[in-house]
Amino acid sequence: DSWGMIVYSNFDGFIYYVERGKLKIFKPHIPIGYHKFGIINKSLFTVEEAGIAVYDIVSNRKIKSYKINQKKLNFTHSDGKNFYVFSDKLLIINDKGLTSLNLPVELQNFKAGIIQNSKNGLLFTSKHENFGYYFDFKKFTKINFPKEITFVQNTYFDGKNNWLCTTDGAYKLGSSEV
C-alpha cells in the first residue's frame, strides 16, 4: 500500500500484515468469510458481521461502519479511491461517505459476481452468465460475451483491456481471441 505495508487476506477472511519482518493478524477485524478488502489513504475497508467496517490502519481503531444487505452481498472491490460493494445495490464508499446506486435488474440476480476495473470505470461479470455490464460512473451498459464462454473463473484488467479467464483460456473483451 502507500504506507509501505504488506497486507493480505487469507481465504478464511482474516487480514494479516507484516510489521518489522513479522506476520501479524489484524485483530480488530472479525471476518464472515473471504471478501476482498480495500485500502484507501490510511483507511482499511472490510466486510464484517455488522456490515462494512472502516479502520484507521495506523491506530487499528474502527472509525466508521456501514450497514449492508449481507444476504445479497456478491462481491467487493477497491480501486484505491473507492471501495465498491456489489449487493442488492452498488455501494461506493470512500473518505467522503457512502453513495448508493440502483443496479440493473439482471445484475441484482447475479450469482458469484465479480467487479474489475476497466478503461472507463468498472466491469461487472458473473462466473455463471454469458454477459456483463460496464459502469462508467453514470450508467450501466450491457455487453454480451462470446458464445464459447460458459464459465468465467476470474477477470483481469491490463491497463488497456479487460480479460475473461475461463476454463478454455483467456478472452480479451471486444474480440474472440483466446
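Please refer to the structure placed before this passage.
The shown structure was predicted, so the numbers you read here are calculated from the model rather than taken from an experiment.

**Student:** What should I look at first to understand the overall build of the protein in this one?
**Tutor:** A count of helices and strands for the protein gives one helix and 18 strands. Scaling as 2.2 N^0.38, a compact globule of 178 residues should have a C-alpha radius of gyration of about 16 Å, and the protein matches this with 17 Å. With the C-alpha coordinates aligned to their principal axes, the bounding extent of the protein is approximately 50 × 35 × 25 Å. As displayed, the protein offers around 10100 Å² of accessible surface, 51% of which is attributable to carbon and sulfur atoms. Positive and negative side-chain charges of the protein, numbering 24 and 16 respectively, have mean locations separated by a distance of 5 Å.

**Student:** Is there a simple way to explain a nonpolar patch on the surface in this structure?
**Tutor:** A cluster of nonpolar side chains, Ile 6, Tyr 8, Val 18 and Leu 23, forms an exposed patch at the surface whose accessible area comes to about 360 Å². Take Leu 23: it is sitting in strand β3 (residues 22–25). Owing to a relative accessible area of 51%, Leu 23 belongs among the exposed residues under this scheme.

**Student:** Please clarify how the pairing of strand β17 (residues 162–166) should be interpreted in this entry.
**Tutor:** For a regular strand, the rule is simple: side chains alternate between the two faces of the sheet. Burial along β17 is one-sided: Asn 162, Leu 164 and Thr 166 are buried, and none of Trp 163 and Cys 165, which face the opposite way, are. Here strand β16 (residues 152–157) hands over to β17 after four residues, with Gly 159 in that stretch at a positive phi of 100°. Two elements, β17 and strand β18 (residues 169–172), share four bridges in a ladder whose sense is antiparallel. Considered in β18, the bridge of Leu 164 is made with Tyr 171. Hairpin connection of β17 to β18: two residues between the antiparallel strands.

**Student:** Whenever I open this one, the nonpolar core confuses me. Can you help?
**Tutor:** The nonpolar side chains of a soluble globular protein tend to be buried with one another. Phe 86, Leu 90, Leu 107, Ile 115, Phe 124, Phe 135 and Phe 140 are the most contacted members of the largest nonpolar core, which totals 24 residues. Discounting chain neighbours no more than four positions away, the residues touching Phe 140 are Leu 90, Asn 102, Leu 103, Pro 104, Leu 107, Phe 124, Tyr 133, Tyr 134 and Phe 135. Grouped together as the second largest cluster of nonpolar side chains are twelve residues, Ile 52, Tyr 66, Val 85 and Leu 91 included.

**Student:** When you look at the pairing of strand β12 (residues 113–118) in this model, what are you seeing that I'm missing?
**Tutor:** With respect to burial, β12 is a largely interior element, five of its six residues being buried. Connecting β12 to the antiparallel partner strand β13 (residues 121–126) that follows it, the hairpin turn spans two residues.

**Student:** Mind showing me how you'd approach the environment of Tyr 17 here?
**Tutor:** Take Tyr 17: it is sitting in strand β2 (residues 15–19). As a C-alpha pair, Tyr 17 and His 35 span 18 residues in sequence and 16 Å in three-dimensional space.

Rules used throughout
- Residues numbered from 1 in each chain as written.
- Predicted model: local features only at pLDDT ≥ 70, side-chain atom pairs only at ≥ 80, totals over all residues.
- Heavy atoms only, no water.
- Helix = DSSP H or I, 4+ residues; strand = E, 2+ residues; numbered from the N terminus.
- Rg over C-alpha atoms; globule rule 2.2 N^0.38 Å.
- Areas by Shrake-Rupley, 256 points an atom, 1.4 Å probe, with all protein chains shown as cover.
- Lys, Arg positive; Asp, Glu negative; His and termini not counted.
- Charge placed at Lys NZ, Arg CZ, Asp CG, Glu CD.
- Patch = residues over 30% accessible without salt bridge, like charges linked within 9 Å, V, L, I, M, F, W, Y side chains within 5 Å.
- Salt bridge = Lys/Arg side-chain N within 4 Å of Asp/Glu carboxyl O.
- Buried < 20%, exposed > 50% of the residue type's maximum accessible area, 1.4 Å probe, protein only.
- Pairing = 2+ DSSP bridges.
- Core = buried A, V, L, I, M, F, W, Y, C linked by side-chain atoms within 4.5 Å.
- Contact = heavy atoms within 4.5 Å.

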